[in-house]
Every structure is written in structure tokens, then in C-alpha cells.
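Fold and contact review
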Amino acid sequence: MLATSEHPLYLLPFLLIALPHPVTCPWTLQPETVSDASGNEADNGSSVTWAKTPPGEAYVTSTEYRTGYLTVPVVFAHCFINLVQPNAFPIDIVTGIVDNTFVFSRDYKQLLNYGVGIIICIVIGLLFAVLMPIIGCCFCCCRLAGKCGGKRVQKIGSNDCCKKIGYVVCLGVITTIIGSIHAL
């Protein structure tokens, strides 16, 4: 048993920081080899020997999942990803990089073909991030100068108070309905 009153495991990170390095762990497996009921064995040198798989029916997993209330966002995300990245992952590029046979001047077209959708999304995002504040500033300047057709003082009608109360009640009812549906 590793966690005893003599050697509490929760103090291990603090001991590793406080003690000079290298630190050897004072806890070793007693006895030298530990085994379980299935026949798996581990020794104090961190070597694990696995037993044969027990006979019987093979374990089969399912790749299906239930999205529940998130069906629409999940479908939207899958459609967006398939639109942006329709090509299969280029495993030969990774293999070439690992084997040190990838030459950028020769293989850049394949890399560009794989990442063109992501590159376009990044460019559109950067354009949005740059142009949106500029357009907003132009709109505000035109509004303050009175050149956009709006009036500084809005006309208050006789039934505006009733409209505000109606909007608040509708908003409250809709919020309550949505909240009660998600609470189920």
C-alpha cells in the first residue's frame, strides 16, 4: 500500500520541488513483482507483462453517438468542416517530414491543396477584424454628423409604454419556456 501515514502521496509534488534533484522515489513495490487475477505482472523496474486476452466474444465499440439537443449545431459544424476541408489528411506529407524526404519547393502544392480552405477562412477572419472597426467608425462619424438619415430625437408615441410592457412579458414567457425545456 503506497499511501500510508508515513508517505502521503499528496505531498509528492511538494517534495519534488523542495528536494535537490535527482530524486529517487522512496516507495518501491513490495514484493519485487506484483500480479493480478488475470495474470498481468509488473516489476519494480516498471516493466509490465500482459497476460493473454481471455477467451470469449470480442469487444465491439459503436461509432454512433446521440447529439440530443445539439443536433443542429453538430450538423452545422460537420457541414462547415466538410466545406472548408474536403480533402483527406495527407499522411504522405507527415511521413515525408518524419523521414526527412519532404522538400518544400517540390511538395508545396500538395500542402497548399490540403490547407486552402483553412487559409481562406483565416484571410476572411483577418479582413473582418480589420474592416469591421473601420466601417463602424465611419458609420458613427456619419451618424454624429447627421448625414445618415437618422434623427437625434425620436418621436415618442402614445402607445410606446404599452409596447414596452408587451415586449417584456413576451421575452419573459419565451425565456421561461426555453429554460424549462433545457432543465428537463
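Summary of the structure given here. Keep in mind it's a predicted model, so treat the numbers as computed, not measured. (Residues numbered from 1 in each chain as written. Predicted model: local features only at pLDDT ≥ 70, side-chain atom pairs only at ≥ 80, totals over all residues. Heavy atoms only, no water.)

Below, the discussion takes up the packing of aromatic side chains. Applying the stated rule across the entire model yields two aromatic pairs. Measuring from centroid to centroid gives 5.7 Å for Phe89 and Tyr114, while their planes differ by 85°, and the two rings are edge-to-face. Of the two residues, Phe89 sits in the loop between helix H2 (71–84) and helix H3 (91–98) while Tyr114 sits in helix H4 (residues 104–145), which places them 25 residues apart along the sequence. Exposure remark for Phe89: the relative accessible area of 52% places this residue in the exposed category. (Phe/Tyr/Trp six-rings, centres within 6.5 Å; stacked < 30°, edge-to-face > 60°. Helix = DSSP H or I, 4+ residues; strand = E, 2+ residues; numbered from the N terminus. Buried < 20%, exposed > 50% of the residue type's maximum accessible area, 1.4 Å probe, protein only.)

This part is about unusual backbone geometry. At Asn100, a position not held by glycine, the phi torsion is positive, near 65°. The topology assignment puts Asn100 in the loop between H3 and H4. On the basis of relative accessible area, Asn100 is assigned to the exposed category, the value being 69%.

With that out of the way, let us pick up the sheet that holds strand S1 (residues 33–35). Sheet strands line up and pair through hydrogen bonds in the backbone, either parallel or antiparallel. Ordered in space as S1-S2-S3, the three strands form an open sheet in which the pairing is antiparallel. With one partner strand each, in any of the chains shown, S1 and strand S3 (48–49) form the two edges of the open sheet. In this sheet, S3 lies alongside strand S2 (residues 41–43) in antiparallel orientation, the contact comprising two bridges. When the bridges of S3 are listed, Glu41 appears paired with Thr49. (Pairing = 2+ DSSP bridges.)

Quick look at H4 now. Between its terminal C-alpha atoms H4 stretches only 54 Å, short of the 62 Å expected from 42 residues at 1.5 Å a residue. Within H4 the residues assigned to the buried category are Asp107, Gly115 and Gly117. (Expected span 1.5 Å × (residues − 1).)

Now for the side chain of Asn40. For Asn40, the location among the structural elements is in the loop between S1 and S2. A relative accessible area of 18% places Asn40 in the buried class. Among the polar contacts listed, one links the side chain of Asn40 to the backbone nitrogen of Ala51, at a separation of 2.8 Å. The contacts of Asn40, once residues within four sequence positions are left out, are Val34, Ser35, Thr49, Trp50 and Ala51. (Polar contact = N/O pair within 3.5 Å; in protein donor to acceptor, adjacent residues only side chain to side chain. Contact = heavy atoms within 4.5 Å.)

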